[in-house]
Amino acid sequence: MTGPAQDSPQDLAAAYALGALSADDARRFEAFLATSPEAQREVQEYREVAALLALGGPESAAQSSLPPSLRERVLARVADQKARSLPAAPRAAVSRSSAVWVALAASLLLAVGLGAGLVSARAKLAAVETELATRNTALAQTTQKLTEREATLSSILEPGVQMFQLTSSGDPEPGIQLFWNRQRHEAIVHGFRLKPVPAGKAYQLWFIKDGAPVPSVTFRPEADGDAKVQGIPVPEGGSLSAAAVTVEPEGGSAQPTTPVLLVGPLKQS
Amino acid sequence: MPDAASRPSPGADGDLVARAAQGDERAIGSLYDRYGAVLYAVAYRIVGQRADAEEVVLEAFSQAWREAPRFEAGRGSVAGWLTMIARSRALDLVRARSRRDRITASAAADRPDTPPAMGEFRPDPGRALDTDERQRQVRQALETLSPPQRQAIELAYFEGLSQSEIAARLQEPLGTVKTRVRLGMQKLRECLRPFYFERGT
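Residues numbered from 1 in each chain as written. Chains lettered and ligands numbered in written order. Predicted model: local features only at pLDDT ≥ 70, side-chain atom pairs only at ≥ 80, totals over all residues.

**Comments concerning the overall build of chain B**
What counts is decided by this rule: The way it works is that DSSP assigns letters per residue, a run of H or I at least four long becomes a helix, a run of E at least two long becomes a strand, and they are numbered from the N terminus. Our exposure labels follow a C-beta count within 10 Å of each residue's own C-beta, placed from the backbone: buried means 20 or more other C-beta atoms, exposed means 12 or fewer, and partly exposed covers the counts in between. Once C-beta atoms are placed from the backbone, any two residues with those atoms within 7 Å are in contact.
When helices and strands are counted, chain B shows nine helices and zero strands. Residues classed as buried in chain B amount to 44% of the 201 residues present. Residue pairs in contact within chain B that sit at least 24 positions apart in sequence constitute 70% of those at least 6 positions apart.

Put into C-alpha cells, the structure is as follows:
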C-alpha cells in the first residue's frame with residue numbers, strides 16, 4: 001500500500017479524524033482515502049471516537065447544564081431559515097395583504113356607486129384591480145430580488161467563506177470575486193465590468209485542480225457588465241490552485257478553447 | 001419543551017435527519033433532545049464560555065438543518081456528524097475571537113495561552129438516554145491513556161491544533177506527537193467501540 005511520504009495511510013486515519021493533519025497532509029490523505037474503503041471505515045470509526053471525546057470532562061468540575069431556553073432558540077432559528085428559504089412564502093403574504101386592499105377598495109367603490117351609478121364604479125374597480133395587480137407583480141419581484149440578495153449576503157457572511165480575486169488586464173478592467181465556502185464545497189461568483197459576449201458565446205469558469213482545468217459553470221453578463229452565479233459546486237478531493245475564466249460556446253467546453261481572460265490563485269488559508 | 005402529544009414519535013437518528021431534509025423542523029427538535037447536550041459539551045470545552053457555547057449550538061443545528069439533505073447515512077452516526085459540525089463552528093468562533101483579540105491589542109495581553117482545557121460540562125440527567133453511561137465509559141477510556149497521549153488528542157480535538165502545531169506548542173519532536181495521537185486513538189477505539197453513538201442507518 002502506498003500513501004503519503006513517511007507515514008503509512010493507516011497511521012494517518014486517527015489524526016485525520018481528529019482534524020490534526022496539516023492541510024497538505026490532509027489533502028494527500030484524502031486522495032488515498034477516496035481509493036480505500038478500508039481507510040474510509042477506519043476514519044469513520046475514529047470519528048465516532050472523536051465524537052465521544054466531548055463527554056470526557058472531569059466529574060468534579062463545576063456543573064453546567066443546557067440552558068432551558070436554548071431548545072426554543074434553536075427551533076426559532078430553524079423556523080426562520082425555513083421561512084427565508086421559501087421564496088413563495090413572502091409572496092403569499094403580499095397577495096394576502098393586497099387582497100384585503102382590493103376588498104377595501106371594492107367596498108369603497110361600491111359605496112360610491114350607490115350614488116354615482118354602479119356601472120362607472122365597476123369600471124373604476126376594474127382599473128384599480130389592474131393597477132393593484134401590476135403593483136403586486138412589481139412588489140413580488142422586488143421581494144423575490146430582496147430574498148435572493150439576502151440569501152447571497154448570508155452565504156457570503158458564513159464563517160469559513162473566503163474571497164478570491166480573478167483579475168485581468170484591460171480598460172476598464174474587468175474583475176471577478178469568487179467566494180469559496182469550503183464547508184459546503186460551493187462558490188459564488190460575482191463579476192463586474194465584464195465585456196458583453198457575442199451571441200452563442202458565454203464566459204466559462206474553470207477550477208485548476210491538480211494542475212488541470214476542470215470545467216465549471218458558464219454565464220453571460222448583464223447589460224451593465226455585472227454577473228452573479230450562485231451554488232457553483234467546487235471540485236473536491238484534489239489540490240485546487242487557481243480559478244480562471246475563458247470565453248466558450250454557450251453550452252460550455254470540456255477544455256478551454258480560448259486564451260484565459262481572468263485568473264486568480266486559490267491559496268489555501 | 002413541547003408536550004409529548006405534540007411531538008411526533010421518535011424514530012431512528014437517520015430518520016430524523018431524513019425528515020429534517022424534507023422540511024420538518026420538528027425533527028431538529030428531536031435531534032436537539034438527543035444530542036443538544038453533547039453538542040453543548042463540545043462547544044463549551046472549545047469556547048469556554050456559556051454564551052458562546054450556546055451560539056455554537058444554535059449555529060450547528062441551523063447548519064445541520066441546511067445540510068440535512070446531504071447527510072449520507074452510510075458514512076457514520078448522526079451524532080458524529082452533528083458533533084463534527086459543532087466542533088468546526090466552535091473552532092471558527094475561537095479563531096475569530098483570537099483574530100479580534102489580535103486587532104484589539106490591549107485584549108491580547110489578557111488572553112490566556114490556553115482556553116479552559118477541561119470542560120465543566122455535565123449533561124442534564126435523564127435528558128439523553130445513555131449519556132451518563134457513555135460519559136463514564138469515556139472517562140474510564142481516557143484514564144487508560146498516558147497523560148501525554150491524552151494531552152495530544154485533546155489539543156487536536158478541542159483546540160484544533162495540527163500535529164505540527166502540537167509539537168511546536170509542547171516543544172516535542174513531531175514524530176513523538178504523531179505516535180501519541182495514533183496510539184492514544186487506537187486505545188480509545190478499543191475501549192469505546194461498544195459505546196459509539198447510534199449509527200445513521
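**Some remarks on the overall build of chain A**
Each helix and strand in chain A was counted, giving six helices and eight strands. Burial status across chain A gives 22% buried among its 269 residues. Looking at chain A alone, contacts between residues at least 24 apart form 56% of all its contacts between residues at least 6 apart.

**A word on helix 1 (residues 9-17) of chain A**
Burial analysis of helix 1 of chain A places seven of its nine residues in the buried class, which makes it a mostly covered element. By the burial criterion, the buried members of helix 1 of chain A are Pro 9, Leu 12, Ala 13, Ala 14, Ala 15, Tyr 16 and Ala 17 of chain A. Buried positions along helix 1 of chain A lie against helix 2 (23-33) and helix 3 (37-53) of chain A together with helix 8 (163-170) and helix 9 (174-192) of chain B.

**Thoughts on the nonpolar core**
Inclusion rule: For this analysis, nonpolar core means a set of buried Ala, Val, Leu, Ile, Met, Phe, Trp, Tyr and Cys residues linked through C-beta atoms within 7 Å.
Membership of the largest hydrophobic core comes to 79 residues, with the highest contact counts inside it found for Ala 43 and Leu 82 of chain B. A per-element tally of this core places helix 2 (residues 26-47) of chain B first, with 15 residues. In this structure Ala 43 of chain B touches Ala 53, Val 56, Val 57, Ala 86 and Ala 90 of chain B, once residues within four positions along its chain are discounted. Formed by 18 residues, the second largest nonpolar core is a distinct cluster that contains Ile 176, Trp 180, Leu 261 and Leu 262 of chain A.

**A few points about the interface of chain A and chain B**
A common way to report how large an interface is uses the accessible area buried once the components associate. Test applied: Nonpolar residues are Ala, Val, Leu, Ile, Met, Phe, Trp, Tyr, Cys and Pro. Charged residues are Asp, Glu, Lys and Arg, and all others, Gly as well, are polar.
Taken residue by residue, the interface counts 44 residues in chain A and 61 residues in chain B. Contributions of two or more residues to the side of chain A that touches chain B are made by helix 1, helix 3 and helix 4 (70-85) of chain A. Of the residues assigned to the side of chain A that touches chain B, the class counts are 24 nonpolar, 11 polar and nine charged.

**Remarks on the packing of helix 3 of chain A against helix 9 of chain B**
To keep things clear, this is the line we draw: Only the stretch in contact is used when fitting a helix axis, every axis being a line fitted to C-alpha atoms; angles between N-to-C directions are given from 0 to 180 degrees. Each angle receives one of four descriptions, namely roughly parallel if under 35 degrees, roughly antiparallel if over 145, roughly perpendicular if within 65 to 115, and oblique otherwise.
Here helix 3 of chain A crosses helix 9 of chain B at 85 degrees, and the two axes come no closer than 10 Å. It follows that helix 3 of chain A is roughly perpendicular to helix 9 of chain B by the angle criterion. Facing Glu 45, Tyr 46, Val 49 and Leu 52 of chain A of helix 3 of chain A, the residues of helix 9 of chain B in contact are Met 185, Leu 188, Arg 189 and Leu 192 of chain B.

**Focus on helix 2 of chain A**
Residue and element names in this part refer to chain A. Going by this rule: It is the directions from the helix axis to the C-beta atoms that the arc portrays.
Listed as buried for helix 2 are Asp 25, Phe 29 and Leu 33. Seen from one end, helix 2 has its buried residues packed into an arc of 75 degrees, which puts them on one side. Away from the buried face of helix 2 by more than 90 degrees, exposed residues Ala 23 and Asp 24 are located. At its buried positions, helix 2 is contacted by helix 1 and helix 3.

**Re the packing of helix 1 of chain A against helix 3 of chain A**
Residue and element names in this part refer to chain A. The test is simple: Note on convention: the crossing is left-handed when the near helix lies turned anticlockwise from the far helix by less than a right angle, right-handed when the turn is clockwise.
In contact at an axis separation of 8 Å, helix 1 and helix 3 are set at 35 degrees when each is read in the N-to-C sense. In terms of crossing hand, the pair formed by helix 1 and helix 3 is right-handed. Contacts between helix 1 and helix 3 involve Pro 9, Gln 10, Ala 13, Ala 14, Tyr 16 and Ala 17 from the former and Ala 39, Glu 42, Val 43, Tyr 46, Arg 47 and Ala 50 from the latter. Classifying every residue of the contact of helix 1 with helix 3 by side-chain character gives nine nonpolar, one polar and two charged.

**Some remarks on the pairing of strand 5 (residues 212-219) of chain A**
Residue and element names in this part refer to chain A. For clarity, the cut-off: Two strands are said to pair when DSSP picks up at least two bridges between them.
Here strand 4 (residues 201-209) runs beside strand 5; their pairing, made up of six bridges, is antiparallel. Note on strand 5: the bridge partner recorded for Lys 209 is Ala 212. The antiparallel pairing of strand 4 with strand 5 creates a hairpin that spans two residues between the two strands, and Asp 210 there sits at a positive phi of about 45 degrees.

**Regarding unusual backbone geometry**
Among all residues except glycine, the phi angle is most often negative; among peptide bonds, the trans geometry is most common. Residue and element names in this part refer to chain A. Non-glycine residue His 185 carries a positive phi angle of around 55 degrees. Along the chain, His 185 turns up in the loop between strand 2 (175-181) and strand 3 (186-192). Note on His 185: 14 C-beta atoms within 10 Å, which makes it partly exposed. Notably, Asp 210 is not glycine yet its phi reads approximately 45 degrees, a positive angle. Turning to its location among the elements, Asp 210 is positioned in the loop between strand 4 and strand 5.

**Remarks on the environment of Ala 26 of chain A**
Residues and elements named next belong to chain A. Tracing the backbone through its elements, the reader meets Ala 26 in helix 2. Judged by the 19 C-beta atoms lying within 10 Å of it, Ala 26 is partly exposed. Distance in space between the C-alpha atoms of Ala 26 and Gly 237 is 10.0 Å, their sequence separation being 211 residues. Each residue touching Ala 26, except ones within four places of it in the same chain, is listed here: Tyr 16 and Leu 21.

**Overview of the confidence of the model for chain B**
Residue and element names in this part refer to chain B. In plain terms, the rule: Values of pLDDT, the confidence the predictor places in each residue, fall between 0 and 100.
On average, residues of chain B score 80 in pLDDT, and 78% of them are at 70 or above. Per-element confidence in chain B ranges from a low mean pLDDT of 43 for helix 5 (residues 105-110) to a high of 95 for helix 8. Of the regions scoring below 50 in pLDDT, residues 1-9 engages in four contacts with residues more than four places distant in sequence or in other chains. This model gives residues 105-129 a pLDDT under 50, and the stretch forms 42 contacts once residues within four places in sequence are excluded.

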